[in-house]
Number of protein chains: 2
Amino acid sequence: MSGHPGGSSAPTRQRLIDVAIELFKRHSVAGTSLQMISEELGLTKSAIYHHFRTREELLTAVMEPLIAEVAALVEAAESLRGVRARADHMLVGYAALAATHRELLPLFTGDPGVAALLRTRAEWGAVIERQMALFADVEPGLGGRVKAGLVMSGIASAAGGDFGDVDEAALRDALIAAGRRTLGLRALPGRDTRAT
Amino acid sequence: MSGHPGGSSAPTRQRLIDVAIELFKRHSVAGTSLQMISEELGLTKSAIYHHFRTREELLTAVMEPLIAEVAALVEAAESLRGVRARADHMLVGYAALAATHRELLPLFTGDPGVAALLRTRAEWGAVIERQMALFADVEPGLGGRVKAGLVMSGIASAAGGDFGDVDEAALRDALIAAGRRTLGLRALPGRDTRAT
């Protein structure tokens, strides 16, 4: 990604991941080949193979840290008492994650390559299911599940929208407010909106 | 699509569109070639070329009727008085569209191939912008724009979620309820929820 702090001296592995994200966004996962990534970086294919054997390995490396963050949020939220407090904790953390990774998150809701990878990694699929359940439990039934689906994918997609020159904290707070409205949660008095 | 009323006797053009939608969903637009579509149908490539010269022409044929429906909804909504009535009319129609085309709509929010096509068709991009404005005008400022973004992409994605054996009307009504909550709209008394 542009603005990477390491610039051209960053290790090849991280440069590969950054360029892969750019190309996945532009062409979708299935539309991006290791060949295209190597060309973009001016590297030989063998330089890539040293780090990643397949596009799926590279996609796994892109997704792994984000799934780990979501898993930690799910654990923390599930440890709280009360469906509303649990949903709110999950929402605040997820909105912060989406605002921080606003370039990347939209890829996660829409790309069939990501969906296919989630199907093959049962433990990742389980994390997403638990996140969904935290939102859906606020209102049992179809209505609650649809609202949960709207918040899950809507936050990820909306984070990537063009809102002009908006800083990360303002975007995060707007996503939290929208999610709370959808789920019927009130801001808890004195509750810090930052993810912990 | 399976269950197409015309079955194998449907005209080739419609069969091409149906199979293209299936493959776009499974592999993304960029990951689907005309070759793959012809193989899936057991047709020669020249049989396809007779109808569509490029993948983009085929994608255009997939999207055209949906964009036309959204454009008609936008026109009707804009003719109403009051930002809330306008937003609600747009929401009710959009939710009905998403419930009817629940297999197809998720493609529209996430696929970079669709986004690329929207960029090249200025009149289609303008329709989407007007739809977004109808939702965003309910609450001026960043908060309203983020809620509008959440509703736009959240409804399209959530419609494709796995809610078990839910019929179209129930899904539509749940999407309308979720969207109204997000945008801060109340159901108008006596207002029929069906799109007109």
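Labelled according to an unreviewed UniProt entry, chain A appears under the name TetR family transcriptional regulator, originating from [Mycobacterium] wendilense.

Participant: Even after reading the chapter, I still don't get the overall build of chain A, so can you show me in this structure?
Facilitator: Of regular secondary structure, chain A possesses 10 helices and 0 strands. For chain A, the N- to C-terminal ordering of α and β elements is α-α-α-α-α-α-α-α-α-α. The burial tally for chain A puts 46% of its 196 residues in the buried class. Expressed as a percentage of contacts within chain A between residues at least 6 apart in sequence, the contacts between residues at least 24 apart total 64%. Split by element, the accessible area of chain A, about 9,100 Å² in all, is 53% carbon and sulfur.

Participant: Could you clarify how one ought to interpret the packing of helix α4 (residues 55-78) of chain A against helix α8 (residues 122-136) of chain A in this entry?
Facilitator: Helix packing geometry: the angle between the two helix axes and the distance between the axes. Residues and elements named next belong to chain A. Contact pair α4 / α8: the axes reach a minimum separation of 9 Å and the direction vectors enclose 40°. Here α8 runs oblique to α4, going by the angle between their axes. Of the two possible hands of crossing, α4 and α8 adopt the one that is left-handed. Contact residues: α4 offers T60, M63, E64, I67, V70, A71, V74, E75, A77 and E78, while α8 offers W124, V127, I128, R130, Q131 and L134. Partitioned by chemical class, the residues of the contact of α4 with α8 number 10 nonpolar, 2 polar and 4 charged.

Participant: Any chance you could explain the interface of chain A and chain B here in plain terms?
Facilitator: Think of interface size as the accessible area that goes away when the parts come together; that is how it is often given. Counting from both sides, the interface comprises 34 residues of chain A and, opposite them, 34 residues of chain B. Where chain A abuts chain B, roughly 2,600 Å² becomes buried across the two surfaces, and 71% of that area is made up of carbon and sulfur atoms. If you sort the residues of chain A by the area they bury against chain B, L150, F163 and R181 of chain A come out on top, with a joint share of 24%. Where chain A packs against chain B, one counts 2 salt bridges. The salt bridge partner of E139 of chain B is R181 of chain A, with a shortest N-O separation of 3.5 Å. Linking chain A with chain B are 6 residue pairs in polar contact (both at pLDDT 80 or more), by the criterion used here. Taken together, the elements giving at least two residues each to the side of chain A that touches chain B come down to α1 (12-27), α9 (142-159) and α10 (168-183) of chain A. Sort the elements by how many residues they give to the side of chain A that touches chain B and α9 of chain A lands first, with 12 residues. In terms of residue class, the side of chain A that touches chain B is made up of 17 nonpolar, 11 polar and 6 charged.

Participant: Please clarify how the pattern of salt bridges should be interpreted in this entry.
Facilitator: Between side chains of opposite charge, pairing is possible as soon as their charged atoms come close. Enumeration according to the criterion identifies 22 salt bridges over all chains in this entry. Salt-bridge contacts for R130 of chain A lead to E75 of chain A; the nearest nitrogen and oxygen are separated by 3.4 Å. Of this pair, R130 of chain A sits in helix α8 while E75 of chain A sits in helix α4; the two residues are 55 residues apart in sequence, bridging distant segments of the chain. Taking the relative accessible area as the measure of exposure, R130 of chain A reaches 30% and is therefore partly exposed. What makes E75 of chain A partly exposed here is its relative accessible area of 49%. With a shortest N-O distance of 2.9 Å, E103 of chain B and K25 of chain B are connected by a salt bridge. In this pair, E103 of chain B is assigned in the loop between α5 (83-100) and α6 (105-110) and K25 of chain B in helix α1 (residues 12-27), connecting sequence segments 78 residues apart. We classify E103 of chain B as partly exposed; its relative accessible area is 45%. Bridged by salt links that share partners, the residues E22, K25 and E103 of chain A form one connected network.

Participant: What is the right way to look at unusual backbone geometry in this model?
Facilitator: Where the residue is not glycine, phi is negative for most of them; where a peptide bond is considered, it is trans in most cases. Of note, the phi angle at S28 of chain A is positive, near 75°, even though the residue is not glycine. For S28 of chain A, the location among the structural elements is in the loop between α1 and α2 (34-41).

Conventions and cut-offs
Residues numbered from 1 in each chain as written. Chains lettered and ligands numbered in written order. Predicted model: local features only at pLDDT ≥ 70, side-chain atom pairs only at ≥ 80, totals over all residues. Heavy atoms only, no water. Helix = DSSP H or I, 4+ residues; strand = E, 2+ residues; numbered from the N terminus. Buried < 20%, exposed > 50% of the residue type's maximum accessible area, 1.4 Å probe, protein only. Contact = heavy atoms within 4.5 Å. Areas by Shrake-Rupley, 256 points an atom, 1.4 Å probe, with all protein chains shown as cover. Axes fitted to C-alpha atoms, helices over the stretch in contact; angles between N-to-C directions. Parallel < 35°, antiparallel > 145°, perpendicular 65-115°, else oblique. Left-handed = near helix turned anticlockwise from the far one by under 90°. Nonpolar A, V, L, I, M, F, W, Y, C, P; charged D, E, K, R; others polar. Buried area = accessible area lost by both parts, 1.4 Å probe. Salt bridge = Lys/Arg side-chain N within 4 Å of Asp/Glu carboxyl O. Polar contact = N/O pair within 3.5 Å; in protein donor to acceptor, adjacent residues only side chain to side chain.

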